[in-house]
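Commentary on secondary and tertiary structure
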Amino acid sequence: MHFHKFEKIWLTFGLAMIVVFLAVLGVGAFAMGAAPPGDHHTQVDPARVEEIAPFNKPGLRQIGKNEYEAIMVGKVFSYVPDAMTVPVGATVHFTVTSPDVVHGFQIVGTNVNAMIVPGEVNHITHKFTKPGTYLVLCNEYCGSGHEVMSTTIIVL
Ligand code: CUA
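The shown structure was predicted, so the numbers you read here are calculated from the model rather than taken from an experiment. (Residues numbered from 1 in each chain as written. Predicted model: local features only at pLDDT ≥ 70, side-chain atom pairs only at ≥ 80, totals over all residues. Heavy atoms only, no water.)

**Looking at the sheet that holds strand β6 (residues 103-107)**
Spatial strand order, β4-β10-β9-β6-β7: five strands in an open sheet with mixed pairing. A single partner strand is all that each edge strand has here, and the edge strands are β4 (83-86) and β7 (113-116). For this sheet, the mean angle separating the axes of adjacent strands, direction not counted, is 20°. Strand direction decides the pairing type here: strand β9 (residues 132-138) and strand β10 (residues 150-155), joined by six bridges, are antiparallel. Each residue of the ladder has a partner; that of Y134, found in β10, is I153. (Pairing = 2+ DSSP bridges. Helix = DSSP H or I, 4+ residues; strand = E, 2+ residues; numbered from the N terminus. Axes fitted to C-alpha atoms, helices over the stretch in contact; angles between N-to-C directions.)

What follows is the structure, given as C-alpha coordinates:
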(Lines give C-alpha, C1' and ligand atoms only; values in the text may rest on other atoms or scores of the structure.)
Protein backbone atom coordinates (compact mmCIF):
# COMPACT_ATOMS: atom_id res chain seq x y z
CA MET A 1 0.00 0.00 0.00
CA HIS A 2 1.28 3.41 -0.92
CA PHE A 3 0.81 6.52 1.22
CA HIS A 4 1.35 9.95 -0.13
CA LYS A 5 3.99 11.93 1.72
CA PHE A 6 1.46 14.49 3.06
CA GLU A 7 -0.83 11.67 4.17
CA LYS A 8 2.02 10.18 6.19
CA ILE A 9 2.77 13.54 7.77
CA TRP A 10 -0.87 14.08 8.77
CA LEU A 11 -1.28 10.51 10.05
CA THR A 12 1.83 10.92 12.18
CA PHE A 13 0.61 14.31 13.42
CA GLY A 14 -2.87 12.90 14.21
CA LEU A 15 -1.47 9.91 16.12
CA ALA A 16 0.98 12.15 17.99
CA MET A 17 -1.92 14.44 19.04
CA ILE A 18 -3.91 11.45 20.34
CA VAL A 19 -0.88 10.31 22.36
CA VAL A 20 -0.40 13.86 23.74
CA PHE A 21 -4.10 14.24 24.69
CA LEU A 22 -4.19 10.83 26.39
CA ALA A 23 -0.95 11.63 28.24
CA VAL A 24 -2.33 14.99 29.44
CA LEU A 25 -5.58 13.33 30.55
CA GLY A 26 -3.77 10.41 32.18
CA VAL A 27 -1.26 12.54 34.08
CA GLY A 28 -4.07 14.92 35.16
CA ALA A 29 -6.37 12.15 36.37
CA PHE A 30 -3.92 9.68 37.91
CA ALA A 31 -0.90 11.73 38.96
CA MET A 32 -2.58 15.05 39.81
CA GLY A 33 -5.96 13.71 40.97
CA ALA A 34 -8.10 15.84 38.66
CA ALA A 35 -11.78 14.83 38.69
CA PRO A 36 -15.05 16.23 37.39
CA PRO A 37 -16.33 19.18 39.46
CA GLY A 38 -18.41 18.43 42.51
CA ASP A 39 -17.89 16.61 45.75
CA HIS A 40 -17.73 13.01 44.68
CA HIS A 41 -16.54 11.78 48.02
CA THR A 42 -19.75 12.33 49.92
CA GLN A 43 -22.23 9.60 49.18
CA VAL A 44 -25.54 8.61 50.62
CA ASP A 45 -27.74 5.56 50.14
CA PRO A 46 -30.45 6.92 47.81
CA ALA A 47 -33.07 4.51 49.13
CA ARG A 48 -32.63 5.87 52.67
CA VAL A 49 -32.08 9.58 51.94
CA GLU A 50 -35.10 10.69 53.96
CA GLU A 51 -33.90 8.81 57.08
CA ILE A 52 -30.24 9.88 56.94
CA ALA A 53 -28.94 13.14 58.47
CA PRO A 54 -28.96 15.88 57.35
CA PHE A 55 -31.62 14.98 54.78
CA ASN A 56 -34.02 13.70 57.43
CA LYS A 57 -34.54 17.37 58.37
CA PRO A 58 -34.45 19.37 55.14
CA GLY A 59 -34.69 23.13 55.46
CA LEU A 60 -32.83 26.33 56.06
CA ARG A 61 -30.66 27.00 59.13
CA GLN A 62 -28.61 30.00 60.04
CA ILE A 63 -24.98 29.06 60.63
CA GLY A 64 -23.35 32.49 60.87
CA LYS A 65 -23.78 36.18 60.29
CA ASN A 66 -26.00 36.25 57.19
CA GLU A 67 -24.79 32.77 56.38
CA TYR A 68 -27.17 29.87 55.93
CA GLU A 69 -27.17 26.19 55.26
CA ALA A 70 -29.93 24.83 53.03
CA ILE A 71 -30.50 21.10 53.18
CA MET A 72 -32.52 20.12 50.14
CA VAL A 73 -33.87 17.00 48.50
CA GLY A 74 -34.77 17.03 44.80
CA LYS A 75 -37.15 14.21 43.93
CA VAL A 76 -39.90 13.34 41.44
CA PHE A 77 -41.44 15.97 41.11
CA SER A 78 -40.65 18.53 43.79
CA TYR A 79 -37.99 20.10 45.91
CA VAL A 80 -38.02 19.92 49.68
CA PRO A 81 -38.36 22.47 51.26
CA ASP A 82 -40.92 24.10 48.98
CA ALA A 83 -39.86 27.69 49.77
CA MET A 84 -37.10 29.50 51.65
CA THR A 85 -36.58 33.09 52.66
CA VAL A 86 -33.21 34.74 53.31
CA PRO A 87 -32.11 38.35 53.79
CA VAL A 88 -30.33 40.16 50.99
CA GLY A 89 -26.57 39.53 50.97
CA ALA A 90 -27.00 36.08 52.47
CA THR A 91 -24.51 33.38 51.62
CA VAL A 92 -26.29 30.08 51.30
CA HIS A 93 -24.52 26.74 51.35
CA PHE A 94 -26.75 24.24 49.59
CA THR A 95 -26.45 20.55 50.30
CA VAL A 96 -28.58 18.69 47.80
CA THR A 97 -29.22 15.09 46.84
CA SER A 98 -31.80 12.97 45.07
CA PRO A 99 -33.46 9.76 46.31
CA ASP A 100 -34.63 8.65 42.88
CA VAL A 101 -33.38 9.85 39.48
CA VAL A 102 -31.04 12.51 38.12
CA HIS A 103 -32.36 16.06 38.45
CA GLY A 104 -30.92 19.40 37.42
CA PHE A 105 -30.67 21.98 40.20
CA GLN A 106 -30.79 25.43 38.66
CA ILE A 107 -31.41 28.76 40.34
CA VAL A 108 -32.70 31.07 37.63
CA GLY A 109 -30.80 34.35 37.36
CA THR A 110 -27.66 32.98 39.07
CA ASN A 111 -24.80 30.78 37.89
CA VAL A 112 -25.99 27.93 40.10
CA ASN A 113 -26.58 24.92 37.88
CA ALA A 114 -25.73 21.43 39.09
CA MET A 115 -26.68 17.87 38.38
CA ILE A 116 -28.33 16.13 41.32
CA VAL A 117 -27.36 12.49 41.09
CA PRO A 118 -28.92 9.84 43.35
CA GLY A 119 -26.36 8.64 45.88
CA GLU A 120 -24.16 11.73 45.51
CA VAL A 121 -24.28 14.72 47.85
CA ASN A 122 -23.79 18.01 46.09
CA HIS A 123 -22.45 21.14 47.79
CA ILE A 124 -23.07 24.50 46.16
CA THR A 125 -22.51 27.96 47.67
CA HIS A 126 -24.16 31.12 46.42
CA LYS A 127 -24.37 34.67 47.73
CA PHE A 128 -27.67 36.42 47.03
CA THR A 129 -26.75 40.06 46.49
CA LYS A 130 -30.02 41.21 44.89
CA PRO A 131 -33.48 41.02 46.44
CA GLY A 132 -36.18 39.15 44.59
CA THR A 133 -37.90 35.82 44.16
CA TYR A 134 -35.57 33.24 42.72
CA LEU A 135 -37.03 30.27 40.95
CA VAL A 136 -35.27 26.98 41.58
CA LEU A 137 -36.15 24.56 38.85
CA CYS A 138 -35.19 21.19 37.49
CA ASN A 139 -33.40 21.36 34.15
CA GLU A 140 -32.83 17.64 33.63
CA TYR A 141 -35.75 15.68 32.22
CA CYS A 142 -36.84 13.37 35.04
CA GLY A 143 -40.29 12.12 34.06
CA SER A 144 -43.89 13.14 33.46
CA GLY A 145 -43.91 15.83 36.15
CA HIS A 146 -40.53 17.31 35.28
CA GLU A 147 -41.92 20.74 34.37
CA VAL A 148 -43.65 21.22 37.72
CA MET A 149 -40.54 20.43 39.76
CA SER A 150 -39.56 23.73 41.34
CA THR A 151 -39.23 25.73 44.53
CA THR A 152 -38.48 29.36 45.33
CA ILE A 153 -35.93 31.31 47.31
CA ILE A 154 -37.18 34.70 48.44
CA VAL A 155 -34.44 37.23 49.07
CA LEU A 156 -35.67 40.22 51.10
CU1 CUA B 1 -36.47 16.72 38.23
CU2 CUA B 1 -36.70 17.28 35.95
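Following the structure, the description resumes.
**Things to note about the packing of aromatic side chains**
Within this structure, the stated rule accounts for five aromatic pairs. Ring geometry for F128 and Y134: centres 5.1 Å apart, planes at 75°, overall edge-to-face. In this structure Y134 comes out as buried when scored by relative accessible area, which is 13%. Put simply, the rings of Y79, F94, F105, F128 and Y134 touch in pairs and so form one group of aromatic residues. (Phe/Tyr/Trp six-rings, centres within 6.5 Å; stacked < 30°, edge-to-face > 60°. Buried < 20%, exposed > 50% of the residue type's maximum accessible area, 1.4 Å probe, protein only.)

**Details of helix α1 (residues 5-31)**
The terminal C-alpha atoms of α1, which comprises 27 residues, lie 38 Å apart, in line with the 39 Å expected from a rise of 1.5 Å per residue. G33 sits one or two positions beyond α1 and adopts a positive phi of about 70°. (Expected span 1.5 Å × (residues − 1).)

**Overview of the pattern of salt bridges**
Enumeration according to the criterion identifies three salt bridges in this entry. The salt bridge partner of E51 is R48, with a shortest N-O separation of 3.4 Å. The exposed category is assigned to E51, whose relative accessible area is 54%. What makes R48 partly exposed here is its relative accessible area of 40%. Across the pair E69 and R61 runs a salt bridge, and its minimum N-O distance is 3.5 Å. Overall, E69 belongs to the partly exposed group, its relative accessible area being 25%. (Salt bridge = Lys/Arg side-chain N within 4 Å of Asp/Glu carboxyl O.)

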